Amino acid sequence: MKRKIWLTTGVSAAVITAALLGGWLWNTNEVRNMDRDVSRFSVEYRVKPENVEGKLLSVSVRLKPEYLSPQKTLYLNKEEVDTSKPLCVDQSGNSVVVTDLNEVWEIGPLKDGVSDVDFSYSVKLGESSGDESRTVGELYSDLLVFQGKNVLMLPWLDSGNMQHPEKYITGLSFQLTGEESWDAIMPFGKINDGEKSFRLDHPTWYDFYDIGNSSFCFGSFEPLKVSTGAAEATFYLDRAAKNSSDTYDLSVLLAFYQFYAEKFGEGLGDYPFVLLRSTENGNVILGGVGGRSTALSLSMPDPDACQTMSRTLYHAFFDSKVTARNLRYQPNLWLYNGLADYYVQASADMLTSQLKQIYGIEPQDDMKKKYLRYLYFSLTDPIMMALSPDQEGNMPTAQETFYYETKVPLLLHTLENFTEQNGEGSILRRLVQQRPREDLELSGFMKDVLGGNEPVLRQYISGASFIPNYWGLSGNSMSREEIISELSLCEDAITDSYQQENIAYPKDTFELIDPDTLKKEISSRNLSFASKEVEKIVWEYSDTLYLLLMQNALRADICGIQDPGELASKTAFHTKANEQKWLDYVKKVA
């Protein structure tokens, strides 16, 4: 069986204006006055299967203006809806101008007397998600499933008004037509019921977030009740999935469910999670996950599918229980995406050895390797050390990767360590206890959870202090070759990423000179690469890493560079003259 490594990745999101408070960044709940430059209208969605063989849906959006801006325009967000140019007419059948503004359709200017605008388009489901073994949504003769934002073009508002759409969108309704026998599991509708419609008055940001991310499922579903202690849930089996479900797949699902129920302190309760069939080619169907509903294929044919199941379950828990809007945007993505990556990785470690073997799961990027990368690259590149939430969205890819895959997991490992010390349990439990549908005042929350450790964690986040080895991680279990290989691979990835963005970055090579010679040089030259406290942390973690960093200090001394960890030192190492000095030295001692 082919083995795969579980990797954690960060996901970008839209930017919300932020305010700095007490060292933590958060968003304000202030409701502004009505903006007269923004139209006010209601929106009605009608969806109908158009061509089952071609997997096409017909979507009609009826917009009813109640107030038109001076520009007499309306806007729909088309960012994640893959469709051709729509047809747009008014209530009399007259064509209405639509303009493609990249991620937005501009409708209008509308003529005087227009009371209704019908905006229609088709959407093809079952397309690849970018991974050939995953498809986005599906349509069969007995099943329709999609994520809201992949089919429904939601109203678009500018950044100054997007937090309070209820002021401009007076109503929203949805209806599926053409399939009377199907039951529905969707946001704001009755669960597993024949009524395939819902209506909201003055929908809020939270409503649109749930509509966009949650799953819309139509077909025949059988309830599957689960209870692990007090953590109850009801899964809904797609009829075809019921006939093809695998015992081991159910075991993995329940293991993940129990893990997250314990971390969040409660189960999913009445929240609907639909377990879908796979496609005829064996592909996993991604049906969406949000605060109101989730749908995903039950079958897990490979480690990636297991990871997808775990991540989907995590977000089903998080998005249905932790609704703070500002956690989902910069500069708080380190917490939102970081917690997801952290616990998905932990869920893999929790599986029994039998299940890991059956599914070929080998979690390899563990905290030991993350701490190795963190120590080396933070001590040789101050930019990496200083990466922090206020830079989210503005980092080159190389820095963003290091931030999300190395620094953030260690920050969260530290956060959980402090939380448990204070007897608070998982940080997720404390987030669940916050008031629903309100922004989280992160500074106060962290002080409540961490107490006297809050300023300490803030120092780690900003890069003002190094994260100590609270967990007794040891790199001494890795051979010298393994450590050098791990650092070399990371350096190669960083260099390649910078080059792709046309950013100059001199590449280091990792070759350790004779250790005995190096130790004599450390003593005779009185070498140092950091404070005694930090050097002690490095030495206790790995003597090989300690020697590599001391060798870096030796190279700086030979090249006349005062501080091997300062901003310009990496470039200074790689001038032609300094490279030759180091080469001559290595030849002499070799």
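For the structure itself, consult the block above.
Residues numbered from 1 in each chain as written. Predicted model: local features only at pLDDT ≥ 70, side-chain atom pairs only at ≥ 80, totals over all residues. Heavy atoms only, no water.

Along the chain, Gln147 turns up in strand β13 (residues 143-147). With near-sequence residues (within four places) excluded, Gln147 lies in contact with Gly212, Asn213, Ser214, Gly287, Gly288 and Val289. (Helix = DSSP H or I, 4+ residues; strand = E, 2+ residues; numbered from the N terminus. Contact = heavy atoms within 4.5 Å.)

With that settled, consider the sheet that holds strand β8 (residues 104-107). Strand order in the open sheet formed by three strands is β5-β8-β7, with antiparallel pairing between adjacent strands. Strands at the two margins of the open sheet, each flanked by one partner only, are β5 (74-77) and β7 (98-100). Across the sheet, the mean angle from the axis of one strand to that of its neighbour is 25 degrees, orientation sign disregarded. With three bridges joining them, β7 and β8 adopt antiparallel strand pairing. Paired with Asp100 across the strands is Trp105, a residue of β8. (Pairing = 2+ DSSP bridges. Axes fitted to C-alpha atoms, helices over the stretch in contact; angles between N-to-C directions.)

The next thing to look at is the sheet that holds strand β21 (residues 284-289). Remark on secondary structure: sheet strands pair via backbone hydrogen bonds, oriented parallel or antiparallel. Reading across from one edge, β10-β11-β21-β22-β20-β19-β18 is the order of the seven strands in this open sheet, with mixed pairing throughout. The sheet terminates laterally at β10 (127-128) and β18 (221-228), the two strands that pair on one side only. Inspection of the sheet shows strand β20 (residues 269-276) paired to strand β22 (residues 294-297) by four bridges, in the parallel sense. Within β22, the position partnered with Phe273 by the bridge is Thr294. Against the sheet, helix α5 (residues 303-321) touches β11 (134-136), β20, β21 and β22, its axis set at about 155 degrees to β20.

The next subject is the pattern of salt bridges. Here the structure, examined in full by the defined rule, presents 31 salt bridges. As a salt-bridge pair, Lys72 and Asp112 come within 2.5 Å of each other at their nearest N and O atoms. Of this pair, Lys72 sits in the loop between β4 (56-67) and β5 while Asp112 sits in the loop between β8 and β9 (117-124), and the two are 40 residues apart along the sequence. When its relative accessible area of 65% is taken as the criterion, Asp112 is described as exposed. In this structure, the salt-bridge partner of Arg239 is Asp142, at a minimum N-O distance of 3.4 Å. Of the two residues, Arg239 is situated in helix α3 (residues 239-244) and Asp142 in the loop between β12 (138-140) and β13; the sequence distance between them amounts to 97 residues. Here the residues in one salt-bridge network are Asp142, Asp238, Arg239 and Arg277, joined through shared partners. (Salt bridge = Lys/Arg side-chain N within 4 Å of Asp/Glu carboxyl O. Buried < 20%, exposed > 50% of the residue type's maximum accessible area, 1.4 Å probe, protein only.)

All buried positions along helix α13 (residues 454-462) are accounted for by Glu454, Leu457, Tyr460 and Ile461. Down the axis of α13, the sector holding all buried residues measures 120 degrees, keeping them to one side. The first or second residue beyond α13 is Gly463, which carries a positive phi of 90 degrees. (Arc of directions from axis to C-beta.)

Of note, the amide linkage connecting Gly108 to Pro109 takes the cis form, showing an omega dihedral of 10 degrees. Residue Phe188 is not a glycine yet carries a positive backbone phi of 65 degrees.

Let's shift gears to the nonpolar core. In terms of nonpolar packing, the biggest core is built from 121 residues, with Tyr260, Phe318 and Leu339 touching the most fellow members. Apart from the residues lying within four places of it in its own chain, the contact partners of Leu339 are Tyr314, Phe318, Trp334, Leu412, Ile427, Leu428 and Leu431. The next biggest cluster of nonpolar side chains, apart from the first, holds 43 residues, and it includes Val43, Leu57, Val123 and Phe174. (Core = buried A, V, L, I, M, F, W, Y, C linked by side-chain atoms within 4.5 Å.)

Let's shift gears to the environment of Arg437. Its place among the elements puts Arg437 in the loop between α11 (427-432) and α12 (442-450). By relative accessible area, Arg437 is classed as partly exposed at 33%. Sequence spacing of Arg437 and Leu313 is 124 residues, and the spatial spacing of their C-alpha atoms is 21 Å. Setting aside chain neighbours within four positions, we find Arg437 in contact with Thr204, Tyr206, Asp207, Asp210, Arg292 and Thr323. A distance of 3.3 Å separates a polar atom in the side chain of Arg437 from a polar atom in the side chain of Thr204. (Polar contact = N/O pair within 3.5 Å; in protein donor to acceptor, adjacent residues only side chain to side chain.)

Scanning all chains against the criterion turns up 39 aromatic pairs. An angle of 45 degrees between the planes, with centres 5.5 Å apart, marks the rings of Tyr257 and Phe317 as tilted. With Tyr257 in helix α4 (residues 247-264) and Phe317 in helix α5, this residue pair connects regions lying 60 residues apart in the sequence. Here Tyr257 falls in the buried class, since its relative accessible area comes to 0%. Residues Phe318 and Tyr336 carry aromatic rings whose centres are separated by 5.4 Å and whose planes lie at 75 degrees to one another, so their mutual orientation is edge-to-face. With a gap of 18 residues between them, Phe318 in helix α5 and Tyr336 in helix α6 (residues 333-350) connect regions that are remote in the sequence. Ring pairing ties together the aromatic residues Phe235, Tyr257, Phe259, Tyr260, Phe264, Phe273, Tyr314, Phe317, Phe318, Tyr336, Tyr342 and Tyr343, which thus form one cluster. We note Arg36 situated over the ring of Tyr67; from NZ or CZ to the ring centre the distance is 4.1 Å. Between the NZ or CZ atom of Arg325 and the centre of the ring of Trp205, over which it lies, the distance is 5.8 Å. (Phe/Tyr/Trp six-rings, centres within 6.5 Å; stacked < 30°, edge-to-face > 60°. Lys NZ or Arg CZ within 6 Å of the ring centre and 35° of its normal.)

The subject of this paragraph is the packing of helix α16 (residues 532-541) against helix α17 (residues 543-559). Between α16 and α17, the least distance of the axes is 5 Å, while the angle of their chain directions is 135 degrees. Comparing their axes, α17 and α16 come out oblique. Contact residues: α16 offers Glu535, Val538, Trp539 and Tyr541, while α17 offers Asp543, Leu545, Tyr546, Leu549 and Met550. Along the lines of polarity and charge, the residues of the contact of α16 with α17 split into seven nonpolar, no polar and two charged. (Parallel < 35°, antiparallel > 145°, perpendicular 65-115°, else oblique. Nonpolar A, V, L, I, M, F, W, Y, C, P; charged D, E, K, R; others polar.)

Taking 1.5 Å of rise per residue, the 18 residues of α4 would be expected to cover 26 Å, and the 26 Å separating its terminal C-alpha atoms lies within 8% of that figure. Restricting attention to buried positions, one finds in α4 the residues Asp249, Val252, Leu253, Ala255, Phe256, Tyr257, Phe259, Tyr260, Ala261 and Phe264. The backbone nitrogen of Tyr248 lies 2.7 Å from a side-chain oxygen of the residue at the head of α4, namely Asp246. Directly beyond the C-terminal end of α4, a positive phi value near 85 degrees is found at Gly265. (Expected span 1.5 Å × (residues − 1).)

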